Amino acid sequence: MTHHPDDAHITHDPAYSVVAPDDFPAMIEVDRYEMRSDAFDGIIGATHDHFWDPFNPAYLDYAQPFDIEREYIMPPDRVPELNSAVSDRLDESQRIRLANNITRFRMSGILHGEQGALSLSASLCDILLDPGAQEYAANQAREEARHVAGFGRYIKVRWGKAYPCADELGKFLNDIVLSPIVYKKLVGMQIMLEGLAMGAFADTHAHTRDPLLKRLVQLVMTDEAFHHKFGKIWADRTLPKLSAEEHEKVEDWAAHVFESLLFNLTSISQRTYIYDEFGLDWQWVRDAVREAYGRDSRRNSMQESTNIFRVLIKTLLKAGIITDRTRHVYSPWVDLGELVGEGDSMVGDAIAADGIEYLREINRKRRVIGQKLTA
C-alpha cells in the first residue's frame, strides 16, 4: 500500500489512514477488509433516521406559493442594505426585490457549498483506507447530493437560476476539495464548512418567512448534525496525539481560512452585479452600509447565537483547534470564555432533533423496500 507520510496528512489514528487517490490496488487487498473500525458505526446506523427525498412531496412541497415580488423571504431587518441610505433610493417593490436577490445570493452560496461538500466526500472514498470511514464518506456524499438537489430545486422554483459562486467561497472550496492533504479536507469540510453551514441554516430557519425554505433547511440540518460528528471523531482521535509542530500547522491553517472568510465571504464586493440592476454603485453601497453599522457592527452581529462566524469559532474551539497561540485571531470578535461556558451543544442541534422526529413519522408510513405494491 502506498501510504502518504503522517507528517503530510496528520492522521495519527488507523481509522483515518489514507492512501494515494490513484492507489486502487490498496483498496482490494484482502487484509484491508478486516481493518474496519467501529468508530463510525453509530453515525452510519443512524442514517435511516434522517432519510428524506427532495423530490417527494411527502417531505417537501415545492408547489407552495410564495410571491417573491411582493413578499420578503428574509425580513428586511436581516438585510443590512435596507437599514442604510440604500433603502432611501428604492421604492418598496425595489426593496423587496433587492432583499430577495441577496437571499438568492446566499442560497446560491449554500448550493455551491453543498456541491463542494459532495465532491469532497466523494474524494474521501478514494483515499480513506478504513472501510467504516469510507462507508460513512459514501453516505455523506449521498446526503450532500440530496442537499444539492434540494437547494437547486428551491432556487429554480423561486428565481429560475442560481448566481455564480463568489470568488472567495470558490477559492476555499477549490482548496479543500482538491487538496491531497486529509486534515485540510476534514478540518475544512467537517469542521469549518459544516460550522458555517449550521450557522447559516439556523439563522435562516429562525427568520425566514418562506415555509418551504424553513422546512428545507431543517431537513438539511438533520444530515449536517451527523456530518459534523464525523469531523468531531477525527478531532477527538487525532488532536490529542499531535506534536506541537503538527498542532500549530493545523491551527495556523484554520486561523488563516477563518480570517479570509470573515473579511471576504459576505463582502458587498462579492455581489456587485446585484446592485447594478438598481443603478447603484457597489462602492457607494459598501460605504452606506459601513456608515449605518459603524466600526463595531461585525463584532455586534457575532453576539447572535446563529451568526455564521460565531458558530464557526465555537466549532473550532470545541474541536480543540484554537489555543492561546491563536486566541488573538478570534477574541476581537467574540468572548471565547463565554463560548466555552455554553457547553458542547451546537446551534441547530434542537432544530435537527425536531426534524428527525418529523422524518421518522413520515418514514414510518413509507413502503418498505421489497414490499409488494397493492392494487
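Residues numbered from 1 in each chain as written. Predicted model: local features only at pLDDT ≥ 70, side-chain atom pairs only at ≥ 80, totals over all residues. Heavy atoms only, no water.

Chemist: Can you explain the side chain of Gln190? Please cite residues and give values.
Modeler: With respect to the element layout, Gln190 can be found in helix H7 (residues 182-207). Look at Gln190 and you get buried, because its relative accessible area is 0%. At a separation of 2.9 Å, a polar atom in the side chain of Gln190 contacts the side chain of Gln140. Among all residues touching Gln190, those that are not within four sequence positions of it are Gln140, Lys185, His227, His228, Phe230 and Gly231. (Helix = DSSP H or I, 4+ residues; strand = E, 2+ residues; numbered from the N terminus. Buried < 20%, exposed > 50% of the residue type's maximum accessible area, 1.4 Å probe, protein only. Polar contact = N/O pair within 3.5 Å; in protein donor to acceptor, adjacent residues only side chain to side chain. Contact = heavy atoms within 4.5 Å.)

Chemist: Which residues make up the environment of Asn174, and what values go with them?
Modeler: Inspection of the secondary structure assignment puts Asn174 in helix H6 (residues 167-178). Given the relative accessible area of 45%, Asn174 is considered partly exposed. In the structure, Asn174 is positioned 69 residues away from Phe105 in sequence and 19 Å away in space, judged by C-alpha atoms.

Chemist: Pulling in residues and values, what's your account of the nonpolar core?
Modeler: One finds Phe40, Leu124, Met192 and Phe258 to be the most contacted residues of the largest nonpolar core, which totals 103 residues. Looking at which element gives the most residues to this core, the answer is H7, with 14 residues. Here Phe40 is in contact with Ala15, Tyr16, Asp130, Gly132, Ala133, Tyr136, Phe230 and Ile233, once residues within four sequence places are set aside. Residues Tyr72, Leu90, Leu98 and Phe278 belong to the second largest nonpolar core, which totals 20 residues. (Core = buried A, V, L, I, M, F, W, Y, C linked by side-chain atoms within 4.5 Å.)

Chemist: Please set out the packing of helix H4 (residues 92-124) against helix H5 (residues 131-158) residue by residue, giving values where relevant.
Modeler: Close contact between H4 and H5 brings their axes to 8 Å; oriented N to C, the two are set at 160°. It follows that H4 is roughly antiparallel to H5 by the angle criterion. For the pair H4 and H5, the crossing hand works out as left-handed. Every residue of H5 that contacts H4 at Met107, Ser108, Ile110, Leu111, Glu114, Gln115, Ala117, Leu118, Ser121, Ala122 and Leu124 is listed here: Ala137, Gln140, Ala141, Glu144, Ala145, His147, Val148, Phe151, Gly152, Tyr154 and Ile155. (Axes fitted to C-alpha atoms, helices over the stretch in contact; angles between N-to-C directions. Parallel < 35°, antiparallel > 145°, perpendicular 65-115°, else oblique. Left-handed = near helix turned anticlockwise from the far one by under 90°.)

Chemist: Could you give an account of helix H16 (residues 349-364), naming the residues involved and the relevant values?
Modeler: With 16 residues, H16 should reach 22 Å at 1.5 Å per residue; the first-to-last C-alpha distance of 22 Å fits that figure. Burial in H16 covers these residues: Ile351, Ala352, Gly355, Ile356, Leu359, Ile362 and Asn363. Relative to the axis of H16, the buried residues are bounded by an arc of 140° and lie together on one face. Residues of H16 that are exposed and angled more than 90 degrees away from the buried face: Ala350, Asp354 and Arg364. Looking at the buried residues of H16, the elements they touch are H7 and helix H8 (211-238). (Expected span 1.5 Å × (residues − 1). Arc of directions from axis to C-beta.)

Chemist: For a nonpolar patch on the surface, give the residues involved together with the corresponding values.
Modeler: Side chains of Phe24, Ile28 and Tyr33 sit close together on the surface and give an oily, nonpolar patch of about 350 Å² of accessible area. Along the chain, the position of Ile28 falls in the loop between helix H2 (24-27) and helix H3 (41-45). For Ile28, a relative accessible area of 47% puts it in the partly exposed group. (Patch = residues over 30% accessible without salt bridge, like charges linked within 9 Å, V, L, I, M, F, W, Y side chains within 5 Å. Areas by Shrake-Rupley, 256 points an atom, 1.4 Å probe, with all protein chains shown as cover. Salt bridge = Lys/Arg side-chain N within 4 Å of Asp/Glu carboxyl O.)

Chemist: I'd love a proper account of the side chain of Thr222, names of residues and values included.
Modeler: With respect to the secondary-structure elements, Thr222 resides in helix H8. Judged by relative accessible area, Thr222 falls into the buried class, the value being 0%. Among the polar contacts made by the side chain of Thr222, one reaches the main-chain carbonyl oxygen of Leu219 at a distance of 2.5 Å.

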